[in-house]
Amino acid sequence: MEKVRDEMIKMSRDESERYLYLREQMAIRDKESQLRSAENRGRREGRKEGRKQGEILKLITMVKKKIENGDSIAKIADDLLEDADVIEKIYDIVKENPEKTREEIWDSLMNATMIEM
C-alpha cells in the first residue's frame, strides 16, 4: 500500500513521472495481452491438429478392417470416398507391418511426411 501511495504522490507532483509511469503500465498490459493472444492461438492450433490426427486414425482403422476383408486399394478408396494415393500409403504400411497399431501406422505416415497434418 505504501508503495502505491508513494507512486501516486510522485505522479501528482510531476507530469513527466506520470507520463513514464503510465507508459510503463501500458507496456506491461500490452505484453500480457500479447501473451494471452499467443496462448489462445496455440490452443486453437492444438485442437485443430488433434482433430486432424483423429480423422487420420479413424481412416487407418477403417483401412485396416477393409484390408482384413481382402479389399483392394481401389475398392477401399471408393468405399471410404478417399483419395487412392492416401489409401495406398496407409495400405502399404499395413501390408508390410500388419502387427502395427493405428498409432504406429500414423507415426510412420508422419515420419515419412506422406500425409500433411
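### Considerations on the pattern of salt bridges
- Under the defined criterion, the tally for this structure stands at four salt bridges.
- Residues Lys 66 and Asp 79 are paired through a salt bridge, measuring 3.2 Å at the closest nitrogen-oxygen approach. Of the two residues, Lys 66 is situated in helix α2 (residues 15–68) and Asp 79 in helix α3 (residues 73–80); the sequence distance between them amounts to 13 residues.
- One network of salt bridges, in which partners are shared, links Lys 66, Lys 75 and Asp 79.

### What about the environment of Ile 9?
- Of note, Ile 9 is situated in helix α1 (residues 2–13).
- You can call Ile 9 partly exposed: its relative accessible area is 30%.

### What about helix α4 (residues 84–96)?
- Helix length check: α4 (13 residues) gives 18 Å between terminal C-alpha atoms against 18 Å at 1.5 Å per residue, within 8%.
- Among the residues making up α4, those that are buried are Ile 87, Ile 90, Tyr 91, Ile 93 and Val 94. An end-on view of α4 places all buried positions within 165° of arc, on one side of the element.
- Taken together, the buried residues of α4 touch α2, α3 and α5 (102–111).
- The N-terminus of α4 is capped by Asp 83, whose side-chain oxygen sits 2.9 Å from the backbone nitrogen of Asp 85.

### Describing α2
- Between its terminal C-alpha atoms α2 stretches 79 Å, which fits the 80 Å expected from 54 residues at 1.5 Å a residue.
- Considering only its buried residues, α2 is in contact with α3, α4 and α5.
- Gly 70 lies just past α2 and shows a positive phi near 85°.

### Concerning the packing of α2 against α3
- At a minimum axis separation of 10 Å, α2 and α3 run at an interaxial angle of 135°. When the interaxial angle is binned, α2 and α3 end up oblique. For the pair α2 and α3, the sense of crossing is right-handed. Judged by residue contacts, Leu 59, Met 62, Val 63, Lys 66 and Ile 67 of α2 engage Ile 76, Asp 79 and Leu 80 from α3.

Conventions and cut-offs
- Residue positions are given per chain, counting from 1 as you read along its sequence in written order.
- Since the coordinates come from a predicted model, pLDDT governs what is reported: local features require at least 70, and pairs of side-chain atoms require 80 or more to be given and counted, while whole-chain, interface and lining totals use all residues.
- With hydrogens and water set aside, each side-chain value is computed from the structure's full complement of heavy atoms.
- Each salt bridge in this description consists of a side-chain nitrogen of Lys or Arg and a carboxyl oxygen of Asp or Glu lying within 4 Å of one another.
- By the criteria applied, helices consist of DSSP H or I runs no shorter than four residues and strands consist of E runs no shorter than two, each listed in order from the N terminus.
- Buried, partly exposed and exposed residues are distinguished by accessible area as a fraction of the type maximum, computed with a 1.4 Å probe on protein chains only: under 20%, between the cut-offs, and over 50%, respectively.
- To estimate how far a helix should extend, the number of its residues minus one is multiplied by 1.5 Å.
- What the arc measures is the spread of directions leading from the helix axis to the C-beta atoms.
- By the convention used here, residues are in contact when the closest approach between their heavy atoms is within 4.5 Å.
- In the analysis that follows, any N or O atom pair within 3.5 Å is treated as a polar contact, provided that within protein one partner can donate a hydrogen and the other can accept it, and provided that, for residues neighboring in sequence, both atoms belong to side chains.
- In this description, a line fitted to the C-alpha atoms serves as the axis of each element, helices being fitted only across the stretch in contact, and the angle between N-to-C directions of two axes falls anywhere from 0 to 180 degrees.
- Roughly parallel here means an angle under 35 degrees, roughly antiparallel means over 145, roughly perpendicular means 65 to 115, and every remaining angle is called oblique.
- For a crossing to be left-handed, the near helix must be turned anticlockwise from the far one by less than a right angle; the clockwise case is right-handed.

Spatial relationships are all this shows, so hold off on functional conclusions.
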